[in-house]
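# Geometric and topological summary
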Amino acid sequence: MLNFTVGPVMSSEEVLKIGGEQTPYFRNDEFSQVMLENEKLMKEFVYASEDSRVIFVTGSGTAAMETTVMNVFTSKDKVLVVNGGGFGQRFVDLCELHDIPHDEIKLDFGQDITSEILDEYNNQGYTGFLVNICETSSCVHYDLDLISDFCRKNNIFLVVDAISSFLADPLNMTEKGIDVIITGSQKALACPPGISVIVLGEKALERVNANECKCMYFDLKDMLKNGERGQTPFTPAVSILLQINQRLKEIENQGGVEAEIKRITALANDFRDRIKDLPFEIHCKNMGNAVTGVYCVNSQASEIVDALKKEYGIWVNPSGGEVGEKMFRVGHIGNLTIEDNDKLIEAFQGLEKRGILK
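Here is a short report on the structure shown in this document. Keep in mind it's a predicted model, so treat the numbers as computed, not measured.

How each quantity is defined
- All residue numbers refer to positions counted from 1 along the written sequence of the respective chain.
- Per-residue local features of the predicted model are confined to residues with pLDDT of at least 70, and side-chain atom pairs are confined, for both listing and counting, to 80 or more; whole-chain, interface and lining totals are unaffected and use all residues.
- The side-chain values count all of the structure's non-hydrogen atoms but skip hydrogen atoms and water molecules.
- Only DSSP runs of H or I with at least four residues qualify as helices, and only runs of E with at least two residues qualify as strands; both kinds are numbered from the N terminus onward.
- Just to be clear, the radius of gyration here is over C-alpha atoms, and the globule rule we use is 2.2 Å times residues to the power 0.38.
- Contacts are residue-level and defined by heavy atoms, with any inter-residue pair within 4.5 Å sufficient.
- For every accessible area listed, the method is Shrake-Rupley and the probe measures 1.4 Å; residues are considered covered only by the protein chains on display.
- This count recognises Lys and Arg as positive and Asp and Glu as negative, with His and chain-terminal groups excluded.
- Lys charges are placed at NZ, Arg charges at CZ, Asp charges at CG and Glu charges at CD.
- Nitrogen and oxygen atoms within 3.5 Å of one another constitute a polar contact, given that in protein one can donate a hydrogen and the other can accept it, and given that sequence-neighbouring residues count only through two side-chain atoms.
- Two strands are said to pair when DSSP picks up at least two bridges between them.
- Where helices are involved, their axes are fitted lines through C-alpha atoms of the stretch in contact, as for all axes, and angles between N-to-C directions lie from 0 to 180°.

A separate point is the overall build of the protein chain. Of regular secondary structure, the protein chain possesses twelve helices and 15 strands. Against the 2.2 N^0.38 benchmark of 21 Å for 358 residues, the protein chain shows a C-alpha radius of gyration of 20 Å, consistent with a compact globule. Principal-axis analysis of the C-alpha atoms gives the protein chain an extent of 65 × 55 × 35 Å. Across the protein chain, contacts joining residues at least 24 apart in sequence account for 72% of those joining residues at least 6 apart. For the protein chain, the computed accessible surface area is about 15100 Å², with 48% contributed by carbon and sulfur atoms. Where the 35 positive side-chain charges of the protein chain centre and where its 54 negative ones centre are 2 Å apart.

Its place among the elements puts Asp161 in strand S8 (residues 157-161). A distance of 2.8 Å separates a polar atom in the side chain of Asp161 from the backbone nitrogen of Ile163.

It is worth spelling out the sheet that holds strand S5 (residues 128-132) at this point. If you trace the seven strands from one edge of the open sheet to the other, you get S2-S10-S9-S8-S5-S3-S4, paired in mixed fashion. Only two strands of the sheet have a single neighbouring strand rather than two, namely strand S2 (53-58) and strand S4 (102-106). Mean inter-strand twist for the sheet, computed between neighbouring axes without regard to direction, equals 20°. Pairing geometry for S2 and strand S10 (residues 195-200), over six bridges, is antiparallel. Following the sheet pairing, Val54 is matched in S10 by Val199.

Have a look at this one:
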């Protein structure tokens, strides 16, 4: 199988090997040291302050989204949510579920955020801002500089879901004034799904300590207390955390976060350049490096997705909703190479010759 989806993604042989081993006991110093190293490297990779903390939640990215909403916001807040797709809608749903007062910046599918849009919300008393910086359903990567400037000017607490963007696009927590960053194990970290990661800045820690979370499993105060000794309140996904440790050290040894972003950028640009000669259209101009939205000019997207899987052993992401029959998505994260791009392009050319792609 050759996996071009945007999660789960291709893992390195070293990461896969750990997944095939017996899961070790974890309430000991050996595992604690692994967890403390994971925290140290994650802080380095997002350029967090020394006083920031990292939480590893056993659960998918949505678990980290909900944990964040429950612990850093209350009914006294007024939150602004960017909603331009399925994952922006998820933040809206979480705010509604947990009675967090909120308004939506409702964007059309594929629409970017602009200064004109944000200007409408200046000086309106907002205390929080929630954004999926790469809206994976549409492939749009929102302008983080614009959002950062807006939040600073209005003294707004900024939460960035970087689940698809982490390691694929530049992300500097300190420079951009980000208070919380969320990501997950199955994206550019290139490990199995099951762990989501929350990086909490100093203002976030103040909010967590001041708020009362009405939940046992998702209580960040409990997680932070246990994390001081490199442990978790409840049994974590031990093997995945060991795989994350391997992956973080791989990135560090291969030049660090900037080298990884450069590698993924090269893969994305190579793919986008080479499909210009095929009957496709690039979905939008404001994409990040993690994923490309590909529109079929005269073909059905579902037929292309199925043919790639059944005939070539290549997986790409289908799309849902109103664009489901015209658009599919190709990921550029994980253990992929330019040679893998070659195989995907050759598969497209084969489908074109046979009239499936037209």
